[in-house]
Amino acid sequence: MSRKPIQVPEELKTKVEELKGQFRARTEYEVIEKLIAYYEKNPFHLLLEESVRNDFKNAKTELRIREDSDFVKLLLHHWKKSENVNK
């Protein structure tokens, strides 16, 4: 595989450097490869406001639910079965 340098903003380079440790990667290229592989395996993502994301995490923890998808399934089940929720 051939490599070609790319120019990125300094903030992005800093973030990639931070992710090197988290991903146990030796190079910036490995970080990018791992990110691409992850997003190819998990193509569906929800973008949530930070306050909503915090509420989501807190509710998941309080209910002792580990997986995000299990919590979403619980919410969808409740929404489908509840007669008091506007649909």
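Below: a short report on this structure. Predicted model only: the values in this text are computed from it and were never measured. The residue numbers shown here count from 1 along each chain, following its written sequence. For this predicted model, a pLDDT threshold of at least 70 governs which residues receive local features, and a threshold of 80 or more governs which side-chain atom pairs are given and counted, while totals over whole chains, interfaces and linings are taken from all residues. As a rule here, side-chain values come from all non-hydrogen atoms in the structure, and water together with hydrogens is ignored.

Thoughts on the side chain of Lys20
So, point 1. Runs of E in the DSSP output that reach at least two residues are strands. Runs of H or I that reach at least four are helices, and both are numbered from the N terminus. Counting through the fold element by element, Lys20 comes out in helix H1 (residues 10-23).
So, point 2. Setting aside anything within four residues of it in sequence, one finds Lys20 in contact with Ala25, Arg26, Thr27, Glu28 and Val31. Only heavy atoms matter for contacts: two residues are in contact if any of them lie within 4.5 Å across the pair.

Description of the packing of aromatic side chains
So, point 1. Pairing of aromatic rings covers Phe, Tyr and Trp, the last counted by its six-membered ring, and requires centre-to-centre distances within 6.5 Å; plane angles under 30 degrees mean stacked, over 60 mean edge-to-face, and any other angle means tilted. The full count for this structure, using the stated rule, is two aromatic pairs.
So, point 2. Ring geometry for Tyr38 against Tyr39: centres 5.2 Å apart, planes inclined by 90 degrees, an arrangement best described as edge-to-face.
So, point 3. Consider the rings of Phe56 and Phe71, whose centres lie 4.9 Å apart with planes at 80 degrees: the pair is edge-to-face. Note that Phe56 is positioned in helix H3 (residues 50-62) and Phe71 in helix H4 (residues 68-81), a separation of 15 residues in sequence. Each of the two residues, Phe56 as well as Phe71, counts as buried. The rule is simple: take the accessible area with a 1.4 Å probe, protein chains only, and divide by the maximum for that residue type; under 20% is buried, over 50% is exposed, in between is partly exposed.

Details of the packing of H3 against H4
So, point 1. At a minimum axis distance of 11 Å, the contact between H3 and H4 shows a crossing angle of 90 degrees. Here H3 is positioned roughly perpendicular relative to H4, judged by the angle of their axes. Within the contact between the two elements, H3 uses Phe56, Ala59 and Lys60 and H4 uses Asp68, Phe71 and Val72.
So, point 2. A breakdown of the residues in the contact of H3 with H4 according to their chemical character gives four nonpolar, no polar and two charged. An axis is simply a line fitted to the C-alpha atoms; with a helix, the fit covers only the stretch in contact. Between two such axes, the angle follows the N-to-C directions and lies from 0 to 180 degrees. Throughout this description, any angle smaller than 35 degrees is read as roughly parallel, any larger than 145 degrees as roughly antiparallel, any in the 65 to 115 degree range as roughly perpendicular, and the remainder as oblique. In this count, Pro and Cys sit with the nonpolar residues alongside Ala, Val, Leu, Ile, Met, Phe, Trp and Tyr, while Asp, Glu, Lys and Arg are called charged and the others, Gly among them, polar.

Comments concerning the packing of H1 against helix H2 (residues 28-41)
So, point 1. Between H1 and H2, whose axes approach to 9 Å, the crossing angle comes to 80 degrees. Of the possible angle classes, the one that applies to H1 and H2 is roughly perpendicular. For the pair formed by H1 and H2, the contact residues are Lys13, Val16, Glu17, Leu19, Lys20 and Phe23 on the first element and Glu28, Val31, Lys34 and Leu35 on the second.
So, point 2. By residue class, the composition of the contact of H1 with H2 is five nonpolar, no polar and five charged.

Some points on H3
So, point 1. How far a helix is expected to stretch is found by multiplying one less than its residue total by 1.5 Å. Taking 1.5 Å per residue as the helical rise, H3 with its 13 residues ought to reach 18 Å, and the 18 Å between its terminal C-alpha atoms agrees with that figure.
So, point 2. Residue Arg64 follows H3 closely and has a positive phi angle near 60 degrees.

Structural notes on unusual backbone geometry
Glycine aside, residues mostly have negative phi, and peptide bonds are mostly found in the trans state.
So, point 1. One non-glycine residue, Arg24, lies in positive phi territory at about 55 degrees.
So, point 2. Given a relative accessible area of 74%, Arg24 falls into the exposed group.

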